[in-house]
Amino acid sequence: MGTKPLKRHPSLRNLSREHHDILVFTLRLSKGIKRDIALDRLVKYALWFWESYLQEHFRLEEKHLFPLISDDHFMKEQALEQHQQIQAYFEQAGLDIQQLKVIRDMVN
């Protein structure tokens, strides 16, 4: 017998849906890398996703979700560190394939 889907608090539903969109982003990025899509196209897609979705998603998590979690909780610390690392990658000039893979793995 299968398990029932987890019921999320209504205030978390949008963040949960966005997590699905983020997983789709990582899947598309993986497929693009595997298919040897031109680096400039992959970077353009990743930057578009960062500016259009991911950056705001991080901001909302940090503003609304993280205050509900203890400051010393390892998952909160890990998530904040990953947010900072991912942001640093996107703020630098000239992403390469290895950096895109790191971003993909951290977001996934």
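Caption draft 1: Structural context of the pattern of salt bridges. A complete count under the given rule lists three salt bridges for this structure. The residue Asp-71 makes a salt bridge to Lys-76 at a minimum N-O spacing of 2.6 Å. Asp-71 gets classed as exposed once you look at its relative accessible area, which sits at 61%. Classification of Lys-76 as buried rests on a relative accessible area of 8%. One salt bridge connects Asp-105 with Arg-104, and the closest N-O pair in it is separated by 2.9 Å.

Caption draft 2: Structural context of the packing of aromatic side chains. Inspection of the entire model under this criterion finds eight aromatic pairs. Look at Phe-25 and Phe-49: their rings are 4.2 Å apart centre to centre, the planes differ by 5 degrees, and that puts the pair in the stacked class. Of this pair, Phe-25 sits in helix H1 (residues 13–34) while Phe-49 sits in helix H2 (residues 39–65), and the two are 24 residues apart along the sequence. Ring plane angle 20 degrees and centroid distance 6.1 Å describe the contact between Tyr-45 and Trp-48, whose orientation is recorded as stacked. Of this pair, Tyr-45 and Trp-48 are both found in helix H2, three residues apart, which corresponds to roughly one turn of the helix. A residue is classified by how much of its surface remains accessible, and Trp-48, at 44% relative accessible area, is partly exposed. By the ring-pair criterion, three or more aromatic residues cluster together here, those being Phe-25, Tyr-45, Trp-48, Phe-49 and Tyr-53.

Cut-offs applied
Residues numbered from 1 in each chain as written. Predicted model: local features only at pLDDT ≥ 70, side-chain atom pairs only at ≥ 80, totals over all residues. Heavy atoms only, no water. Salt bridge = Lys/Arg side-chain N within 4 Å of Asp/Glu carboxyl O. Buried < 20%, exposed > 50% of the residue type's maximum accessible area, 1.4 Å probe, protein only. Phe/Tyr/Trp six-rings, centres within 6.5 Å; stacked < 30°, edge-to-face > 60°. Helix = DSSP H or I, 4+ residues; strand = E, 2+ residues; numbered from the N terminus.

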